[in-house]
Structure formats: C-alpha cells, structure tokens
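Per-entry structural report
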Amino acid sequence: MTPGRPVPPPLAKPLPDLTDAAGPTLAAAYGATAPDSGLVPLTVARRAPKADDVEIAVEFCGLCHSDVHASRGEWGGNTYPLIPGHEIVGRVTRVGSAVDDFTVGERVGVGCMVDSCRECESCLDGLEQYCEKGMTGTYGAKDARNDGAVTQGGYATSIVVDRNYVLRIPEGLDPAAAAPLLCAGITTFSPLNHFEVEEGDAVGVVGLGGLGHMAVKIAKAMGAEVTVFTTSERKFAAARELGADHVVLSTDPAAMEAADRSLDVIIDTVAAPHDLNPYFRTLRVDGALFQLGLPSEAMPPVNPGSLIRRRIAYAGSLIGGIEETQEMLDFCAEHGVVSDIELVGADQLNEAYDRMVAGDVKYRFVLDASTLGTPAEKADA
Ligand SMILES: [Zn+2]
Ligand SMILES: [Zn+2]
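Quick summary incoming for the structure in this document. From a predicted model like this one, the values you see are computed outputs, not experimental measurements.

A short note on the sheet that holds strand β13 (residues 263–268)
Judged by pairing direction, the sheet is parallel, and its six strands sit side by side in the order β12-β11-β10-β13-β14-β15 without closing on themselves. With partners counted over all chains shown, the strands left at the sheet margins are β12 (246–249) and β15 (313–316), one partner each. Each adjacent strand pair in this sheet contributes to an overall mean axis angle of 20°, direction not counted. As judged from the four bridges shared by strand β14 (residues 283–291) and β15, these two strands associate in the parallel manner. Bridge assignment links A288 to a residue of β15, and that residue is A313. Contacts between helix α4 (residues 184–194) and the sheet are confined to β10 (202–206), β13 and β14, with β13 contributing the most and set at about 155° to the helix.

Structure below.
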C-alpha cells in the first residue's frame, strides 16, 4: 500500500443497514478463547447504541504488539474469550439520540480507550490516558462505567463506543494505513508534541519497528532532523527510506561517541532491556529521553551522573488523550503521514502474530475487517 495516498478507496461492499435494530447486534470477530488457542472465529454481541453512543462498522484494525501479549495471556489477568484490536477505523452506522456531532457514513476511529472517569484532574486536563481511576481499555477491560461487561476490541465487524472517545479520520487519509495512527501514531506523537519539537530540532529514534517508523515520520513532519539508532546494519537503508537524516549503529561505540551532544530529544521504542547511558551522552543540555517500550525484565541501571551533568530528563509516556489524538490525526492528514502497512485477512492473523514476534513486518499489519465473515446465531462474547 502506498503511504499518503490522498484519496481513500471506495468501500468494498455497502454498509449493513442496522438502523432498525432494537437490541444488541451480533458481529463477526476473531479472538482468543485461551492463552494457547490462537485466534479463532467468534461472534460478539454489541450493545444497541445508548444516547451518547456511536455504532461503527469496522473497516480496518491494526495489529499491535499489545494484542499479541494480551491474547496469549502474557500480561496475566485476562478473561476469555478476548477479542483484541485498538487501532480501529470504520464508518458510523448509527448514533444515539444525544449524538449530534457524528453522522451516519462518517469515517471515524477508536484507539486504546473507550472510557475514563471524566472527573479527575487528568481527565479534565484532556489526559484521559492517565485517568486516576483508570481508563477503560478498548478490549479486555471491565466496562465499569457502562454495562460492566468486559470490553471487546476491533478484530470485529462492528463496535459501539461512547462519542467522547471516538475520533474523526480525515477523509484525506488512507483508512487502512491510518489505523495504526490510533496507537503507534499517538504513542510517538504525544511525547514529541509534549516536548514541543519544531523545525530544526534534532530528534533521535531508538528502534525501527511499528512505533519507531511512526516516530521518524512524525518527527520529520514536525521539521526535525532525525537520527535513527539501530542494532542492525541491515536497517540502514530502511531508516533512510523513511526519511531519517542519520543512522547510527548503536552497537558501535565509536559511532555512538561521534553522536555526542547531537540531539534534543530521544524517542526510545525498544521494549527489551537495554543500557540507556550511551544514549544520554548523545543528548545536549536540557535534552530528554522518552521511554515508550515496557520491558518485562529489569533495565541496566541509569547512571545519575549522565543526567545531572547535562540537566537531562528521563521520562515515560503512554499513548495520548482524546483531544491530542484528534490533533495528531489532523496533523498527519495535513502532512500526508500514515503507517507503512501490510494488509491481512482474518485467516492470516495467526501467521501475522508469529511474524510480529519475529520482527518480520514493515511496519504494521492491518486486518481487513471485510474478511471476518458473518456472525453466528449466538454470541460467544
Ligand atoms: Zn497498541
Ligand atoms: Zn479520570
């Protein structure tokens, strides 16, 4: 798929007419029934839209590494069946009686959360991802502020979400390639935006996977000079293709030394434990390193001296708020930024998961929801 294609393709088939449905509707889906089940066809019941709800016919859903961990029970605490997917793009099919800002047929998106408390300081500041009572994840979360059911994600033909957590997908964005913006895009946009990266700033990106490739594109669109750090010389050409100005082999101490004091901010997307101290030395005074990957084992210790000597900030960051996610989507539409994707059908999901774990994707798989089939007569979830 060509990134940045200006005109979205027409829908493969007409949207189902659900406007007369009274109760829950059934959607075809793929999900896990146990940690070792792989992804299998399932049927999920979606609630009839309440006053503030938007019902969406899913067109595309990105495959995120979190989906793999969650469906395989690697983070624990799961209930099954579990239908993953939090990079959702589709069209509005119905709206609740109190919704006047979304219309049927409009292209919309849903990211990593579908609700939050809406009252705490974080929520009132538009930082719902840091909700003090906990945001409601798009899948695998107890929808405590709604019907109490466990949320089920976007590997499905439809989803119903409160309008306050629905994003607009600008028509200029290719809908399939825009899906990964809803997690990978906002996760990298938010720290760059928070740091107020602008024309002429020097940005480093550690790791060149789903997150890293978005960080390169977004930082370039913000006008930054971008340096990619990678452990593999084989990724040099790919990094330059994405727009990187410099590529540094992070396993080469001389190359790391040569990058001394060259950067203002680093977006570190690597989830495996790794030594950050050599990266701190590539930052200038008042630089910052944002760590986005969450390693399952301890990281090598940070040397406080490398922070102190240059007043460097070592920070984390988690996705972005709803308002900022919309800002990111509008920014990406304006600058023609989308993800590089490989479109897969439902029957390729398990293979895609194995390839993601092996790092064999450039750079994001996206599920074509038109391949999910039709729902059974009775819901599994
Ligand atoms: Zn994700
Ligand atoms: Zn809150």
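What to know about the coordination of the zinc ion (ligand 2)
The protein atoms that coordinate the zinc ion (ligand 2) are C117 (SG), C120 (SG), C123 (SG) and C131 (SG), at distances of 2.3 to 2.4 Å. What the four donor atoms of the zinc ion (ligand 2) show is an angle range of 104 to 119° at the metal, which sorts the shape as tetrahedral. All donor residues of the zinc ion (ligand 2) come from one chain, and their arrangement in sequence is C-x2-C-x2-C-x7-C. Of this pair, C117 sits in the loop between β6 (113–115) and α2 (121–124) while C131 is found in the loop between α2 and β7 (136–137), placing the two residues 14 residues apart along the sequence. Accessibility assignment for this pair places C117 and C131 in one class, buried.

Considering a negative patch on the surface
On the surface, E323, E327, D330 and E334 cluster together into a patch of negative charge. Tracing the backbone through its elements, the reader meets E327 in helix α10 (residues 322–335).

Quick word on the coordination of the zinc ion (ligand 1)
Put simply, the ideal angle at a metal is 109.5 degrees for four donors in tetrahedral geometry and 90 or 180 degrees for six donors in octahedral geometry. Surrounding the zinc ion (ligand 1) are the protein donor atoms C64 (SG), H86 (NE2) and C183 (SG), at 2.0 to 2.2 Å. Read in sequence order, the donor residues coordinating the zinc ion (ligand 1) give the pattern C-x21-H-x96-C. Taken together, the residues span a long stretch of sequence, with C64 in the loop between β3 (53–62) and α1 (65–71) and C183 in the loop between α3 (175–178) and α4 at a distance of 119 residues.

A few points about the nonpolar core
With 93 residues, the main nonpolar core has L63, Y155 and V228 as its most contacted residues. A total of six residues in this core trace back to one element, the largest contributor, which is helix α5 (residues 210–221). Ignoring any residue separated from it by four or fewer positions in sequence, one finds V228 in contact with V205, L208, V216, A239, A244, H246, V247 and V248. In terms of nonpolar packing, the next biggest core, distinct from the first, is built from 14 residues, I266, L276, Y279 and L289 among them.

What counts, and where the lines are drawn
Residues numbered from 1 in each chain as written. Chains lettered and ligands numbered in written order. Predicted model: local features only at pLDDT ≥ 70, side-chain atom pairs only at ≥ 80, totals over all residues. Heavy atoms only, no water. Pairing = 2+ DSSP bridges. Helix = DSSP H or I, 4+ residues; strand = E, 2+ residues; numbered from the N terminus. Axes fitted to C-alpha atoms, helices over the stretch in contact; angles between N-to-C directions. Contact = heavy atoms within 4.5 Å. Donors = N, O, S within 2.8 Å, 3.2 Å for Na, K, Ca; no water. Tetrahedral: all angles 85-135°; square planar, octahedral: opposite > 155°, others 65-115°. Buried < 20%, exposed > 50% of the residue type's maximum accessible area, 1.4 Å probe, protein only. Patch = residues over 30% accessible without salt bridge, like charges linked within 9 Å, V, L, I, M, F, W, Y side chains within 5 Å. Areas by Shrake-Rupley, 256 points an atom, 1.4 Å probe, with all protein chains shown as cover. Salt bridge = Lys/Arg side-chain N within 4 Å of Asp/Glu carboxyl O. Lys, Arg positive; Asp, Glu negative; His and termini not counted. Charge placed at Lys NZ, Arg CZ, Asp CG, Glu CD. Core = buried A, V, L, I, M, F, W, Y, C linked by side-chain atoms within 4.5 Å.

None of the figures reported here should be taken as evidence of function without further support.
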